[in-house]
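These are the residues of each chain, in order.
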Amino acid sequence: MNFSDRLLVWYDANKRALPWRDSDNPYKVWISEVILQQTRVEQGIAYYFRFLDAFPDVISLASASEDEVLRLWQGLGYYSRARNLHQTAREILEKHGKNFPESSEEWMRLKGVGPYTAAAVTSIVFKEAIPALDGNVYRVLARAFALPYNMDTSKGKKQFYQLATQLIDPKRPGDFNQAMMDLGAMICKPSGPLCLKCPLNTLCLAKQQNAAKNYPVRNPKKAVRERFFNYFKITTKDPQGKIFLFIKKRQENDIWKNMYDFPLLETTEDTPPETLFKHPWWLHLFPDEKSFLMEGQVRQRVHKLTHQTIHAKLFQIFVHPENTVLLNKIFIAVDFDQFEQMAKPRLIELLHWDRGEKS
DNA sequence: AAGCCGGGGAG
DNA sequence: CTCCCAGGCTT
């Protein structure tokens, strides 16, 4: 038996039962593929169910607001996926008149759809014989053939792509692609691969060399950036005694774009409150140091992302309503119930609900 | 080509 | 702690 036959025999007997499998619905497969970009299946499944429940088809997704879509995506990360998904739903409805494109070339032109997602959707739904290369597939191929190609470079990716094109079963392209990913996730794992259970173990060159850990070749990882976020949870009361807090929509090209957080003063290093309260940004909001009151403990939290570590502090500030004219111009006043319904980064969710302080 | 974009689970 | 996950976009 050749590579593909062994792989597919194994797949038929061992494939994972996943909610979007055996579906010929391009919308469902598309959503699942985008949710699973850089995201483990176990983490994505709950989001998949909630997303399809809220937006069962492309029309409902296109009809939603971006805020609603981001709110459903909250906690999953890489939020451009949600923004692009929403934008692309509207584009499909406009240009394709509700019908999805059927070729990977057309899919590639959609926002948020790259080589992997285009190939995955069209191979699974439309049986296009094009390989879908994700992290699992690079690892399986690199080990099986002891390939020295760097998967972080375009040249390296091209080598993997050409090989996969040779291997893919044109009769079952979707199953081939999913089988490669299942094998990578279940057997040919990044560390501690289960070679004894692998259907390819008799032909795997990395196993013969006992060198699975050397594959695939990748770029060395970069240093993590350190950032210092000083947040101010500014609250006030209206004449009826109802509490409002001031928030902001992040519109810069930075993390968490188009999601909501508290008024933020970012500094290049850890900065004591006395210094923050003399900062021009703060003095602009509160020229008079008696116009605000700091209450409660300062909440602190270290939030680690893949590429940056955020040292966050949350200062709780109370402001008398007569001193909120400028705040109302710069920020958005919401009550706590409204705030709960808005799309927030994980860090904000944690700071908001934190009890006491941590250092 | 390199930099940027989240959060979480496994070891 | 480190690694990396059904990647894609911007510069």
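Before going into details, it helps to say that this report is about the structure given with it. Nothing here was measured: the structure is a model prediction, and the numbers come from that model. (Residues numbered from 1 in each chain as written. Chains lettered and ligands numbered in written order. Predicted model: local features only at pLDDT ≥ 70, side-chain atom pairs only at ≥ 80, totals over all residues. Heavy atoms only, no water.)

## Digging into the protein's contact with DNA strand B
Heads up, the condition is: By convention in these notes, a residue is near a molecule or strand provided one of its non-hydrogen atoms lies within 4 Å of it. In protein, a polar contact means a hydrogen-donor-capable atom and an acceptor-capable atom, both N or O and within 3.5 Å, with residues adjacent in sequence counting only if both atoms are side-chain atoms; elsewhere, any N or O pair within 3.5 Å suffices. Note on residue classes: Ala, Val, Leu, Ile, Met, Phe, Trp, Tyr, Cys and Pro are nonpolar, Asp, Glu, Lys and Arg are charged, and everything else, Gly too, is polar.
Every one of the 23 residues lining DNA strand B counts as a neighbour, but Arg40, Ser154, Ile255, Trp256 and Thr306 are closest to it. Counting only the atoms of DNA strand B within 4 Å of the protein, the fraction contributed by sugar and phosphate is 60%. Measuring from a phosphate oxygen of DNA strand B, one finds a side-chain N or O atom of aspartate 254 at 3.1 Å. Take arginine 346: an N or O atom from its side chain is 2.6 Å from a phosphate oxygen of DNA strand B. By residue class, the composition of the surface near DNA strand B is 7 nonpolar, 11 polar and 5 charged.

## Focus on the nonpolar core
Worth spelling out the cut-off: Note on terminology: a nonpolar core comprises buried Ala, Val, Leu, Ile, Met, Phe, Trp, Tyr and Cys residues joined through side-chain atoms within 4.5 Å. The cut-offs for exposure are 20% and 50% of the maximum accessible area for each residue type, with area from a 1.4 Å probe on protein chains only; residues under the lower value are buried, those over the upper are exposed, and the others partly exposed. Between two residues, a contact is recorded if the distance between any of their heavy atoms is within 4.5 Å.
Counting 56 residues, the largest nonpolar core has Tyr27, Trp30, Phe51 and Leu61 as its most contacted members. With residues near it in sequence (within four places) discarded, phenylalanine 51 still touches Tyr27, Ile31, Ile35, Leu61, Val69, Leu72, Trp73 and Leu85. Counting residues in hydrophobic clusters, the runner-up holds 37 residues, among them Val137, Tyr138, Val140 and Leu147.

## Details of helix H9 (residues 135-144)
Stated formally: Counting from the N terminus, the helices are the DSSP runs of H or I reaching at least four residues and the strands are the DSSP runs of E reaching at least two.
Counting buried positions over the 10 residues of H9 gives 9, a clear majority of the element. Taken residue by residue, H9 has Asn136, Val137, Tyr138, Arg139, Val140, Leu141, Ala142, Arg143 and Ala144 as its buried positions. The secondary structure elements touched by the buried residues of H9 are helix H1 (3-14), helix H10 (154-167), helix H11 (173-186) and helix H12 (205-208). Count one or two residues on from H9 and you reach alanine 146, which has phi positive near 50°.

## Looking at the protein's contact with DNA strand C
Around DNA strand C, 29 residues are found, and the nearest of them are Gln38, Gly112, Thr117, Asp134 and Lys221. Within 4 Å of the protein, the atoms of DNA strand C are drawn from sugar and phosphate moieties in a proportion of 66%. Between a phosphate oxygen of DNA strand C and a main-chain N or O atom of glycine 114, the distance comes to 2.8 Å. Within the surface near DNA strand C, the residues separate by chemical class into 10 nonpolar, 9 polar and 10 charged.

## Observations regarding the pairing of strand E1 (residues 225-237)
Stated formally: By this definition, two strands are paired if DSSP reports at least two bridges between them.
Counting buried residues in E1 gives 10 out of 13 residues, a clear majority hidden from the surface. Sheet analysis places E1 next to strand E6 (residues 308-319), joined by 11 bridges and oriented parallel. Bridged to phenylalanine 232 within E6 is phenylalanine 315. Note: E1 against strand E4 (residues 264-267), 4 bridges, orientation antiparallel. Across the sheet, residue phenylalanine 229 finds its bridge partner in E4, namely glutamate 266.

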